[in-house]
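Commentary on secondary and tertiary structure
Here's the letter readout for the chains.
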Amino acid sequence: MTIPEGFDPKQAHVVSQWAHDRPLNACRFDPAGRFAFCGSEDALVERFNLADGVRTIFSGGHQTWVRAIAYSKDGAQAISAGCDGKITWWESAAAEPKPIRSIEAHKGWIRTLDVSPDGTQLVSGGNDNVVRLWNIANGSLVREFTGHTRHVYNVAFHPEGQILFSGDLTGALKQWDVATGKEVRSFDAKPLHSFNDGQKVDFGGIRAIAVSPDGKWLVAGGLHKATNPLGAVHEPLVLLFDLQNQTEEGLKPVRQLIADGITGGVIWRLKWLSDGSIMGLSGGSTGGFLLFWKPDTEKDYHRVALPSLARDMDLHPDGLQVATAHHDKHLRITRLAAKAT
């Protein structure tokens with residue numbers, strides 16, 4: 001990856017913010033970098049034009065909260081997934097957008113989407129414990145991946161496209177063969193899950209997965225030290241795995257990446273940056289933070305406090321702009337560079 005001119009996470013600052021009518025759950029930049037799309041708690045998808053902040057509402061595709069957003073490779077179509085179990089396709093740049101197609105994809109919440117590197121397939125996961133692969137051109141089901149015993153929180157393709165990763169509530173992190181649907185191996189991500197015997201709840205899970213651009217490393221994020229799950233007392237945690245390790249079962253993390261002092265945080269998304277470092281979004285009772293780690297160091301080397309609790313994050317194609325979706329109903333754009341003079 002080429003490091004963009006001016007790139008400096010230590011100079012990160014919010015440059016734009018736009019409001020919606022309800023708290024936001026999800027956000028993604030389109031592949032061309034013209035728009036930021038959001039999903040909210042009012043069953044709407046919305047598009048913000050980065051040039052002028054003009055907002056366009058996408059309605060009629062869902063009956064309840066929108067939890068995940070993806071795109072066709074050329075950016076012509078935006079794809080949303082909701083707690084109603086539906087996946088809906090939209091013409092992303094339409095002046096008056098209407099659903100192109102909508103499919104009943106899962107029973108219950110869909111929590112996560114990802115698109116294959118070649119742009120031909122879409123993967124989804126949700127509360128029915130199943131990962132499903134779809135033909136992105138027509139919405140037909142290609143394959144199911146079964147083996148999770150609890151809600152699937154996150155899915156991600158390997159950059160080569162033949163491998164798929166998925167993680168669930170119990171910290172089960174699995175590697176799948178895309179062509180056959182067979183589980184290849186599992187990862188030891190147990191630190192991301194806890195069971196509170198007093199409150200009788202499973203808590204944590206794999207909320208974020210990101211594979212390095214060279215395909216050698218995987219990070220999985222969530223939370224640990226959940227001393228009071230229902231009271232939102234828990235700290236963000238990221239596990240780093242070496243994918244070149246050929247162990248077939250129970251691959252253990254090389255390192256745990258932590259963020260001291262954030263006592264009410266969850267990692268909701270992870271992105272590899274152009275300098276080889278890792279950016280994570282933490283949101284919780286302590287507030288919202290962008291956290292930055294070097295892969296060879298346990299503690300974050302920088303953090304940016306955001307104005308409000310954040311639930312999702314995306315990195316612009318230019319490698320400098322970061323979108324964050326917030327509980328206070330705002331989409332914010334942060335720039336990883338010094339302020340213009």
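Bear in mind the structure is a predicted one, so any value in this text is a computation, not a measurement. (Residues numbered from 1 in each chain as written. Predicted model: local features only at pLDDT ≥ 70, side-chain atom pairs only at ≥ 80, totals over all residues. Heavy atoms only, no water.)

**Side note on the overall build of the chain**
Helices and strands together make up the secondary structure of the chain, namely 0 helices and 30 strands. At 19 Å, the chain has a C-alpha radius of gyration in line with the 20 Å of a compact globule built from 341 residues. In terms of overall dimensions, the chain has C-alpha extents of about 50 × 50 × 45 Å along its principal axes. In the chain, buried positions account for 57% of the 341 residues. Long-range contacts, defined as pairs at least 24 residues apart, comprise 49% of the intrachain contacts of the chain with a sequence gap of at least 6. Roughly 13700 Å² of accessible area belongs to the chain as shown, and the carbon and sulfur atoms make up 47% of that amount. Here the chain carries 36 positive and 38 negative side-chain charges, and the mean point of each set is 3 Å from the other. (Helix = DSSP H or I, 4+ residues; strand = E, 2+ residues; numbered from the N terminus. Rg over C-alpha atoms; globule rule 2.2 N^0.38 Å. Buried < 20%, exposed > 50% of the residue type's maximum accessible area, 1.4 Å probe, protein only. Contact = heavy atoms within 4.5 Å. Areas by Shrake-Rupley, 256 points an atom, 1.4 Å probe, with all protein chains shown as cover. Lys, Arg positive; Asp, Glu negative; His and termini not counted. Charge placed at Lys NZ, Arg CZ, Asp CG, Glu CD.)

**Topic: the environment of Thr-2**
Looking at the element boundaries, Thr-2 is found in the segment before strand E1 (13–19). Remark: the alpha-carbon pair of Thr-2 and Ser-274, spanning 272 residues in sequence, is separated by 6.1 Å.

**Concerning the pairing of strand E12 (residues 131–135)**
The buried fraction of E12 amounts to 4 of the 5 residues, a majority that puts the element mostly inside the structure. Where strand E11 (residues 121–126) folds back onto E12 in an antiparallel hairpin, the turn is made up of 4 residues, including Asn-129, whose phi is positive at roughly 70 degrees. Where E12 and strand E13 (residues 141–145) come together, 4 bridges link them in antiparallel fashion. Its bridge partner being in E13, Trp-134 is matched across the sheet by Leu-141. Linking E12 back to E13 in an antiparallel pair, the connection comprises 5 residues, with Gly-139 at a positive phi of about 80 degrees. (Pairing = 2+ DSSP bridges.)

**Description of the nonpolar core**
In this structure, Leu-173, Leu-218 and Phe-241 are the most contacted members of the largest nonpolar core, which totals 17 residues. Sorting the residues of this core by element identifies strand E20 (208–211), strand E21 (217–228) and strand E22 (233–242) as the ones contributing at least two each. Here this core gets 3 residues from one element, more than from any other, and that element is E22. Not counting residues up to four positions away in its chain, the partners in contact with Leu-173 are Ser-166, Gly-167, Arg-185, Ser-186, Phe-187, Ala-189, Ile-206, Ile-209, Leu-218, Ala-220 and Phe-241. Core analysis: the second largest hydrophobic core is formed by 16 residues, Ala-12, Ala-310, Met-313 and Ala-337 among them. (Core = buried A, V, L, I, M, F, W, Y, C linked by side-chain atoms within 4.5 Å.)

**Looking at the sheet that holds strand E2 (residues 24–29)**
Within the open sheet, the 4 strands sit side by side as E2-E3-E4-E5. Their pairing is antiparallel. Edge strands, defined here as strands with exactly one partner in the open sheet, are E2 and strand E5 (55–58). In this sheet, adjacent strand axes meet at a mean angle of 20 degrees when their direction is disregarded. The pairing of strand E3 (residues 35–40) with strand E4 (residues 45–49) spans 5 bridges and is antiparallel. Note that in E4 the partner of Gly-39 across the bridge is Val-45. (Axes fitted to C-alpha atoms, helices over the stretch in contact; angles between N-to-C directions.)

**What to know about unusual backbone geometry**
Of note, Ala-43 is a non-glycine position whose phi angle comes to about 70 degrees, a positive value. Tracing the backbone through its elements, the reader meets Ala-43 in the loop between E3 and E4. When its relative accessible area of 12% is taken as the criterion, Ala-43 is described as buried. One non-glycine residue, Asn-129, lies in positive phi territory at about 70 degrees. Note that Asn-129 resides in the loop between E11 and E12.

**Comments concerning the pattern of salt bridges**
By the definition in use, this model includes 18 salt bridges. With a closest N to O distance of 3.3 Å, Glu-183 and Lys-174 form a salt bridge. Take Glu-183: its relative accessible area is 37%, and that puts it in the partly exposed class. Look at Lys-174 and you get buried, because its relative accessible area is 12%. Residue Arg-332 pairs with Asp-328 through a salt bridge whose shortest N-O separation is 2.9 Å. Ionic contacts of the salt-bridge type, sharing partners, join the residues Asp-21, Glu-46 and Arg-55 into one network. (Salt bridge = Lys/Arg side-chain N within 4 Å of Asp/Glu carboxyl O.)

**A short note on the packing of aromatic side chains**
If you walk through the whole model with that rule in mind, you get 10 aromatic pairs. Ring plane angle 75 degrees and centroid distance 5.4 Å describe the contact between Phe-58 and Trp-90, whose orientation is recorded as edge-to-face. Note that Phe-58 is positioned in strand E5 and Trp-90 in strand E8 (residues 86–91), a separation of 32 residues in sequence. Each member of the pair, Phe-58 together with Trp-90, is buried. Here Phe-165 and Phe-187 contribute two aromatic rings whose centre-to-centre distance is 6.0 Å and whose plane-to-plane angle is 65 degrees, an arrangement assigned as edge-to-face. (Phe/Tyr/Trp six-rings, centres within 6.5 Å; stacked < 30°, edge-to-face > 60°.)

**So, the side chain of Ser-72**
Tracing the chain through its elements places Ser-72 in the loop between strand E6 (66–71) and strand E7 (77–82). For Ser-72, a relative accessible area of 11% gives the class buried. Only 2.8 Å separates the side chain of Ser-72 from the side chain of Asp-74, close enough to count as a polar contact. Ignoring anything within four residues of it in the chain, the contact list for Ser-72 reads Pro-31, Gln-77, Ile-79 and Ile-136. (Polar contact = N/O pair within 3.5 Å; in protein donor to acceptor, adjacent residues only side chain to side chain.)

The values are spatial; any link to function lies outside them.
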